[in-house]
Each structure stands twice: as structure tokens, then as C-alpha cells.
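# Observations on the model geometry
The lines below spell out each chain.
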Amino acid sequence: MHTIARAKRVSVFAALFAALVATACDQRASEQAVDLAVIDSVLSELGGTTTAQLERGQRWRMISSVAAGLPASNFLADDLPEPAARGAGLLQVYCIQCHWLPTPRMHTAEEWRILLPRMYLRSRTLGDRMGGPLTTGMVGDVVMAGLTSVEVPSPEHQDSILAYMQRNALPGALPGELTDGPGRALFLEQCAICHEAPSPSAHTAAGWDRVVQRMQATMRMMDVEPLTDRQVDSVAEYLRERAAQ
């Protein structure tokens, strides 16, 4: 079921990309707009309202969140930091309406400040059409069976979620931390695809070995081509040399 749902999301995203390319090619060089009607027709398959009802900036934030950066299915509620915190509880109420449970360490504090409002925008856009054909099965039959609409967090709950995510966020690399050395370019190229480059001091040397292997497993799960063994060794060695003691 998950494989089918993922394939559907990918097919919609591919169609959206094709629509963007096709409409962009038809525009004059001086024009920046694309045919929003084409994009609307693709996005409508996701079960949400058409983007024509949104402001231009909202349209693009909506588009940029489609089928990209979804949490992996191997992170469970028991893995959450501060499991008794209000924010941890709210994640389990709201976030699993559309995808698997996210870990706060998926992104840095600054990234969460930007990403969470985007998720709320998408929730409002889906509204009462959560049961659309491409949302069914996104987080499993049992969870999705009882959902026909999306509950958007109240402003108070949004504040609690943001505070929790930022408090437990991925530590981003500080200026000067990512010194030159073998593996640096590969680390920046591969490890900053889904989030900002993490701080090498976020883990010990042994901790980085575990994290790198876990990221390999996550990439496979998300249908992203993992690093080769040689690349893994290069990135891990770069991080070990700059890890926390």
C-alpha cells in the first residue's frame, strides 16, 4: 500500500514538474508566470482545493511541499525527545494526519520556523478533502481509515509545536565549523539535500558512525539513492575528525 501511495505521489510530482517545464517553455523570456490552470489541475488530484484560491506566494509554497521531504516510517512516538512534553503530544495529534511522525532532528530550528507554517497551509488547503485518492494510504490503512478532513492546529498549539521542534532541532553547522578536508564537498552535497548541513559537534565519532548508517537506511526507505561504501567512509571520516569529544 505504501509503495503504491508513494508511486502515486511521485507520478503527480512528475506530472507537475512536466507541466511547469511545458508552460515555462511557452512563455516569452520576459515573462515569469506559468499556466496556473495546468498546475491547479495537477494539484487537485491530491485532494486539496485548487491553488487558484490561494495567493501567488501561497501557491508556490504549496507546490514546493508536494511529495518532498516526507518523514520516514521508522520513527516512532517512543523515539521522540521529551516524550511527555506538550509539543510531543501535539505532533502525534496533528502531524500523522498526512504523513508519518517527524523527528525534530529532521531540520534545524530556523528550518522548522519556515516549514511548519507551510504544513499548516497545506492542511488548510486539503481541508475536508483529505480522503482524496492520492491521500489514501499515505500513512497506512488503519490511520487513514477514519480521516476525511484535516484538523489544523490552533495558534496556541502551533506555538507549542514550534517551540518543541526548535528546542530539539538538528544543530546546524556554525560558521567556520566545516573546515576543509577530504569528504567536505561530498558531505555538503549529499547531507544538505533534505536539511541544512548539521554541526559536526552534534555527535561523537561513534555517534556519527551510527547516524551515517541510519541515514543510509532512511534514504533507501525514501527511494533516494544511498551513498556508495566509499562515499560513506569519506563522509564518516570527515565528521569523525570534527566530532564532539
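What you see is a predicted model, and the numbers here were worked out from it, not measured in a lab. (Residues numbered from 1 in each chain as written. Predicted model: local features only at pLDDT ≥ 70, side-chain atom pairs only at ≥ 80, totals over all residues. Heavy atoms only, no water.)

## Topic: the overall build of the chain
The helix and strand inventory of the chain stands at 10 helices and 0 strands. Its helices and strands taken in sequence order, the chain reads α-α-α-α-α-α-α-α-α-α from the N to the C terminus. Out of the 245 residues belonging to the chain, those deemed buried represent 41%. Once local pairs closer than 6 in sequence are excluded, the contacts in the chain between residues at least 24 apart make up 71%. About 13,200 Å² of surface is accessible on the chain, with carbon and sulfur atoms providing 57% of the total. (Helix = DSSP H or I, 4+ residues; strand = E, 2+ residues; numbered from the N terminus. Buried < 20%, exposed > 50% of the residue type's maximum accessible area, 1.4 Å probe, protein only. Contact = heavy atoms within 4.5 Å. Areas by Shrake-Rupley, 256 points an atom, 1.4 Å probe, with all protein chains shown as cover.)

## Quick look at the pattern of salt bridges
Opposite charge on two side chains allows them to pair when their charged atoms are near. Counting across every chain of the model gives 7 salt bridges. In this structure, arginine 167 engages glutamate 82 in a salt bridge whose closest nitrogen and oxygen atoms are separated by 2.9 Å. Taken together, the residues span a long stretch of sequence, with arginine 167 in helix α7 (residues 155-167) and glutamate 82 in the loop between α3 (56-64) and α4 (86-94) at a distance of 85 residues. Glutamate 82 gets classed as partly exposed once you look at its relative accessible area, which sits at 35%. Two residues, arginine 240 and glutamate 237, come together in a salt bridge whose shortest N-O distance is 2.7 Å. A residue pair is termed a helical-turn pair when its members lie 3 or 4 positions apart in one helix, as arginine 240 and glutamate 237 do in helix α10 (residues 229-240) at 3 residues. Among the charged side chains, a salt-bridge network with shared partners connects Asp209, Glu237 and Arg240. (Salt bridge = Lys/Arg side-chain N within 4 Å of Asp/Glu carboxyl O.)

## Thoughts on the nonpolar core
In summary, soluble globular proteins display a tendency toward joint burial of nonpolar side chains. Core analysis: the biggest nonpolar cluster contains 18 residues, and Leu80, Leu91, Trp112, Leu116, Ile161, Tyr164 and Met165 have the highest contact counts within it. When contributions to this core are tallied by element, the ones reaching two or more residues are α4, α5 (109-126) and α7. Contact partners of leucine 80, with chain neighbours within four places excluded, come to Phe75, Ala88, Leu91, Gln92, Leu101, Pro102, Pro104 and Tyr164. Core analysis: the next-biggest nonpolar cluster, separate from the first, contains 14 residues, Phe187, Ala197, Val211 and Val212 among them. (Core = buried A, V, L, I, M, F, W, Y, C linked by side-chain atoms within 4.5 Å.)

## Topic: the packing of α5 against α7
Two quantities define a packed helix pair, namely the angle between the helix axes and the distance between the axes. Direction vectors running N to C along α5 and α7 enclose 150°, while the axes themselves pass 9 Å from each other. As α5 runs across α7, the sense of the crossing is right-handed. Facing Ala109, Trp112, Arg113, Leu116 and Tyr120 of α5, the residues of α7 in contact are Gln158, Ile161, Leu162, Met165 and Gln166. Across the contact of α5 with α7, the residue classes tally to 7 nonpolar, 2 polar and 1 charged. (Axes fitted to C-alpha atoms, helices over the stretch in contact; angles between N-to-C directions. Left-handed = near helix turned anticlockwise from the far one by under 90°. Nonpolar A, V, L, I, M, F, W, Y, C, P; charged D, E, K, R; others polar.)

## Some remarks on the packing of helix α9 (residues 205-221) against α10
Following both chains from N to C, one finds α9 and α10 inclined at 145°, their axes separated by 9 Å at the closest point. For the crossing formed where α9 meets α10, the hand is right-handed. Within the contact between the two elements, α9 uses Ala205, Trp208, Asp209, Val212, Gln213 and Gln216 and α10 uses Val232, Ala236, Leu239 and Arg240. Of the residues contributing to the contact of α9 with α10, the split by class is 6 nonpolar, 2 polar and 2 charged.

## Things to note about the environment of proline 71
Following the sequence through the fold, proline 71 ends up in the loop between α3 and α4. What makes proline 71 buried here is its relative accessible area of 7%.

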